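Residue-level structural notes
One letter stands for each residue in the lines below.
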Amino acid sequence: MKKELLFVDGYNMIGAWPELVKLKRQDKIADARDALLHELSNYANFEGIEVRIVFDAQLVPGLSKRYDKYNVAVIFTSEGETADSYIEKAVGEENLLITHVQVATSDLAEQWIIFQRGATRKSANELYKDIQTAKKKIVIDSALYRMQNKSRNSPLKEKDKDLLKQLYVDMIEKKYEKEK
């Protein structure tokens, strides 16, 4: 089985995701970066993939820096280097027979270069939708897990249990949709 690796153009996501755009407009870019890292960490852990988020030095000048936070690799490029050029180089190095590389960016020029290097792409909007779907699945899975431990010695038949379980899942989904 191939290792799944997702490169994310960080400022591209911050400029596209509704919650992060609000933070950016309030001049809370550090909060937006942290919120993005938190979302990507949950997504990576749920999907079982490795995530590397790249921020270019235009907003954080200085030397190149890499660290792990929330189990996500965070990379700040060198001053003058864009996230796009860093990702292009990394995709060329990482896209091996044992690794499937995907890049999340809405930059069309970047997407073409990524395709040429053999990786796949995902737009900022697609990644946002995938994360929302994963969050919904996490809520449902955890609710079903809790319900599973409470149904001992039930007089209900399996068919009735399945119907109740489906009703419960539907109620959770509706509640989750209202909270969004």
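Anyway, here's the lowdown on the structure attached to this text. (Residues numbered from 1 in each chain as written. Predicted model: local features only at pLDDT ≥ 70, side-chain atom pairs only at ≥ 80, totals over all residues. Heavy atoms only, no water.)

**So, the packing of aromatic side chains**
We count it as follows: Stacked, edge-to-face and tilted are the three classes for Phe, Tyr and Trp ring pairs, Trp counted by its six-membered ring, which pair at centre distances within 6.5 Å; planes under 30 degrees apart are stacked, over 60 edge-to-face, the rest tilted. Runs of E in the DSSP output that reach at least two residues are strands. Runs of H or I that reach at least four are helices, and both are numbered from the N terminus. To sort residues, take the accessible area from a 1.4 Å probe on protein chains only and compare it with the maximum for the residue type: under 20% means buried, over 50% means exposed, and anything in between is partly exposed. Here, a charge over a ring means that NZ of Lys or CZ of Arg falls within 6 Å of the ring centre while also lying within 35 degrees of the ring normal.
The tally for this structure, following the rule as stated, stands at 3 aromatic pairs. Taking the centre distance of 5.5 Å and the plane angle of 55° together, the rings of Trp17 and Tyr128 count as tilted. Here Trp17, found in the loop between helix H1 (10-14) and helix H2 (18-25), pairs with Tyr128, found in helix H6 (residues 124-148); they are 111 residues apart in sequence, far enough to count as distant. Across the pair, exposure class does not vary: Trp17 and Tyr128 are buried alike. Through a chain of ring-to-ring contacts, three or more aromatic side chains come together here, namely Tyr11, Phe55 and Phe76. The ring of Phe55 carries the charged tip of Arg33 above its face, separated from the ring centre by 5.9 Å.

**A word on the side chain of Lys122**
Test applied: Two residues qualify as a contact provided that any one of their heavy atoms is within 4.5 Å of a heavy atom in the partner residue.
Checked against the element boundaries, Lys122 lands in strand S6 (residues 120-122). With sequence-adjacent residues up to four places away left out, Lys122 is seen in contact with Tyr43, Gln102, Val103, Ala104, Thr105, Leu127 and Asp130.

**Here we look at the pattern of salt bridges**
Defined as follows: The salt bridge definition used is simple: a Lys or Arg side-chain nitrogen within 4 Å of an Asp or Glu carboxyl oxygen.
All chains considered together, the criterion is met by 8 salt bridges. We note a salt bridge from Glu126 to Arg121, for which the minimum N-O separation is 2.6 Å. Assessed through its relative accessible area of 28%, Arg121 is described here as partly exposed. In this structure, Asp130 and Lys122 form a salt bridge, with 2.6 Å as the shortest nitrogen-oxygen distance. Each member of the salt-bridge network shares a partner with another, and the members are Lys3, Glu50, Arg52 and Glu94.

**Things to note about the pairing of strand S4 (residues 72-76)**
A regular strand places its side chains so that they alternate between the two faces of the sheet. To keep it simple, the criterion reads: In short, DSSP must find at least two bridges between two strands for them to pair.
In terms of burial, S4 is a largely internal element, 5 of the 5 residues being buried. Of the two faces of S4, the one holding Val72, Val74 and Phe76 and the one holding Ala73 and Ile75 are both buried throughout. For strand S2 (residues 50-55) and S4, the ladder comprises 4 bridges, and the chain directions are parallel. Directly across from Ile53, in S4, lies its bridge partner Val74.

**So, the nonpolar core**
For clarity, the threshold we go by: Buried Ala, Val, Leu, Ile, Met, Phe, Trp, Tyr and Cys residues that are joined via side-chain atoms within 4.5 Å together make up what is termed a nonpolar core.
By size, the foremost hydrophobic cluster in this structure holds 26 residues, and its most contacted members are Val8, Trp17, Leu36, Leu40, Ile53 and Leu127. For this core, the secondary-structure elements that each account for two or more residues are strand S1 (3-9), H1, H2, helix H3 (29-47), S2, S4 and H6. Membership of the second largest hydrophobic core comes to 12 residues, among which are Leu5, Phe7, Val54 and Ile87.

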